Amino acid sequence: MNEDKAKEIVDKVIGQIFGFQNPLSLDQIYQKFAFDIRLPQQVYDATTNQPTWAQSTNPTKFITMQNAWDKGDNNEWDMPKRPLNSLQDVLAAWSEINLTATERQIDSENVAKSDNTYFSENVYRSLDSMRSKNVVFSDTTIDSEFIVAGQRNQSSSFCLRLEDSQTCSNSFSVSWSGKVTDSFFIHDCKDMQDSMFCSHITGKRFCIANMQYEEEEYKKIKDMVIRWILTS
């Protein structure tokens, strides 16, 4: 997994949602849509001084999960016995081996700059991805695919800035909602399709700001909104 592959995922998500070619770079996507999301931070492996990515920067010393395993295979974590005559001796001995593992993953592949990745594939700079594919700049993605700049979501696909939601698709800036399709700027809604700027309503289509429109009216306004969203 690298920046080129991450950009491919982002391009595909934006194309699916908006029907336009993505005009933004990967860094612009991060700055515009993922700036406020909890993401892995760069730290350094204390054993190699190489950059690595961690869930939290609060620990003082780090080691990549792979390096920790390799050292275990070579019995390098087994320390020779020495006198411990004070609490300071105990804490000093503990400090020598108490490194926080980074870039942790279980049964995952093609993962980069991420931590806490479980049974997932194609994950870039994300946290807590579980049984998901094609995830970029996201925190807590479960049973989903093609998610960019998401937070605490599950069972969704092709979404950008999806937050605390489930069973959503082809949508942008959706929060605390479920069963939302082909929609933008939706909050606290359910079973919505082809709608924008709606809150607290259920089972609507072609709505803007909770107002009902005809399909042609909606599409005209939608085109204007898409161009505004994708302006660099």
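Each chain carries its own residue numbering, running from 1 in the written order of its sequence. Residue-level local features of this predicted model are given only where pLDDT is at least 70; pairs of side-chain atoms are given and counted only at 80 or more, and the full residue set underlies all totals for whole chains, interfaces and linings. Only hydrogens and water are set aside; all other atoms, that is, all heavy atoms of the structure, feed into the side-chain values.

A. Spotlight on the overall build of the protein. A count of helical and extended segments in the protein gives five helices and 21 strands. Our radius of gyration looks at C-alpha atoms and nothing else; its globule reference is 2.2 Å times the residue count to the power 0.38. Against the compact-globule benchmark of 17 Å for 232 residues, the protein has a radius of gyration of 22 Å, which places it well outside the compact range. Taken along its principal axes, the extent of the C-alpha atoms in the protein is 80 × 35 × 25 Å. Exposed residues in this analysis have more than 50% of their type's maximum accessible area, buried residues have under 20%, and partly exposed residues fall in between, with area computed by a 1.4 Å probe over protein chains only. Residue burial in the protein is summarised as follows: out of 232 residues, 43% are buried. The contact criterion used is simple: two residues touch if any of their non-hydrogen atoms lie within 4.5 Å. Relative to all contacts within the protein whose residues are 6 or more apart in sequence, the contacts with residues 24 or more apart total 28%. A total accessible area of about 12300 Å² is found for the protein, and carbon and sulfur atoms account for 47% of it. Lys and Arg are tallied as positive, Asp and Glu as negative. Neither His nor the chain termini are counted. The location of each charge is read from NZ of Lys, CZ of Arg, CG of Asp or CD of Glu. Positive and negative charge centroids in the protein, built from 24 and 33 side chains respectively, lie 3 Å apart. Counting from the N terminus, the helices are DSSP H or I runs at least four residues long and the strands are E runs at least two residues long. In short, Shrake-Rupley with a 1.4 Å probe defines the accessible areas, and a residue's cover is counted only from the protein chains shown.

B. View of a nonpolar patch on the surface. For patch building, the residue pool is restricted to those with more than 30% relative accessible area and no salt bridge; the joining distance is 9 Å between like charges and 5 Å between nonpolar side chains (Val, Leu, Ile, Met, Phe, Trp, Tyr). The term salt bridge refers to a pairing of a side-chain nitrogen on Lys or Arg with a carboxyl oxygen on Asp or Glu at a separation within 4 Å. Together, Met-79, Leu-84, Leu-87, Val-90, Leu-91, Trp-94 and Ile-97 give the surface a local cluster of nonpolar side chains, amounting to about 670 Å² of exposed area. Among the secondary structure elements, Ile-97 is positioned in helix α4 (residues 87-97). Looking at Ile-97, the relative accessible area reads 33%, which means it is partly exposed.

C. Expanded view of the nonpolar core. Within this scheme, the nonpolar core is defined by two criteria: the residues are buried Ala, Val, Leu, Ile, Met, Phe, Trp, Tyr or Cys, and they are joined through side-chain atoms within 4.5 Å. Within the largest apolar cluster, 35 residues are counted, with the highest numbers of intra-cluster contacts made by Phe-18, Phe-137, Leu-160 and Phe-184. Counting only elements with at least two residues in this core, the list comes to α1 (3-18), α2 (26-33), β12 (145-148), β14 (157-163) and α5 (215-229). The element that contributes the greatest number of residues to this core is α1, accounting for seven residues. Excluding its chain neighbours within four sequence positions, the residues that come into contact with Phe-184 are Ile-17, Phe-18, Phe-172, Ser-173, Ser-195, Met-196, Phe-197, Lys-222, Val-225, Ile-226 and Ile-229. Residues Cys-168, Val-180, Met-192 and Cys-207 belong to the second largest nonpolar core, which totals 12 residues.

D. Region of interest: the pattern of salt bridges. All told, the structure shown has 15 salt bridges when counted by the stated rule. Between Arg-152 and Glu-163 there is a salt bridge; the shortest N-O distance is 3.5 Å. Of this pair, Arg-152 sits in strand β13 (residues 151-154) while Glu-163 sits in strand β14, and the two are 11 residues apart along the sequence. Looking at Arg-152, the relative accessible area reads 36%, which means it is partly exposed. Residue Glu-163 is classed as partly exposed on the basis of its relative accessible area, which comes to 28%. For Glu-215, the salt bridge goes to Lys-219, with nearest N and O atoms at 3.0 Å. With Glu-215 and Lys-219 both in helix α5 and four residues apart, this pair spans about one turn of that helix. On the basis of relative accessibility, which here comes to 35%, the residue Glu-215 falls in the partly exposed class. Of the residues examined, Lys-219 reaches a relative accessible area of 42% and is grouped as partly exposed. In this structure, a network of salt bridges that share partners links the residues Arg-38, Asp-128 and Asp-139.

E. The arrangement of the environment of Val-225 in detail. With respect to the element layout, Val-225 can be found in helix α5. By relative accessible area, Val-225 is classed as buried at 7%. Excluding residues within four positions of it along the chain, Val-225 makes contact with Phe-184, Phe-185, Met-196 and Phe-197.

F. Region of the structure containing the side chain of Ser-132. Its place among the elements puts Ser-132 in the loop between β9 (127-130) and β10 (133-136). On the accessibility criterion, Ser-132 (1% relative accessible area) is buried. Within the structure, Ser-132 has its side chain in polar contact with the backbone oxygen of Thr-141 (distance 3.2 Å). When residues no more than four places from it in sequence are discounted, the contact partners of Ser-132 are Phe-119, Ser-120, Glu-121, Thr-141, Ile-142, Asp-143 and Ser-144. Contacts described as polar in this section are N or O atom pairs within 3.5 Å, which, within protein, must combine one atom able to donate a hydrogen with one able to accept it, while residues neighboring in sequence count only if both atoms come from side chains.

G. Fine view of the packing of aromatic side chains. Centres within 6.5 Å make a pair out of two Phe, Tyr or Trp rings, where for Trp the six-membered ring is used; the pair is then stacked when the planes are under 30 degrees apart, edge-to-face when over 60, and tilted otherwise. One pass over the full model with this rule turns up 10 aromatic pairs. Considering the side-chain rings of Tyr-30 and Phe-137, the 5.4 Å spacing of their centres and the 55° angle between planes classify their relative orientation as tilted. Of this pair, Tyr-30 sits in helix α2 while Phe-137 is found in the loop between β10 and β11 (139-142), placing the two residues 107 residues apart along the sequence. Phe-137 shares its class with Tyr-30; the two are buried. Pairing Phe-146 with Phe-158 gives two aromatic rings, centres 4.5 Å apart and planes at 5°, and the pair type is stacked. Of the two residues, Phe-146 is situated in strand β12 and Phe-158 in strand β14; the sequence distance between them amounts to 12 residues. Per residue, the accessibility class of Phe-146 equals that of Phe-158, and both read buried. Taken together, the ring pairs connect Phe-18, Phe-33, Phe-172, Phe-184, Phe-185, Phe-197 and Trp-228 into an aromatic cluster. Its end group placed over the ring of Trp-77, Lys-71 keeps NZ or CZ at 5.2 Å from the ring centre. Only when the NZ atom of a Lys or the CZ atom of an Arg is both within 6 Å of the ring centre and within 35 degrees of the ring normal do we say a charge sits over the ring.

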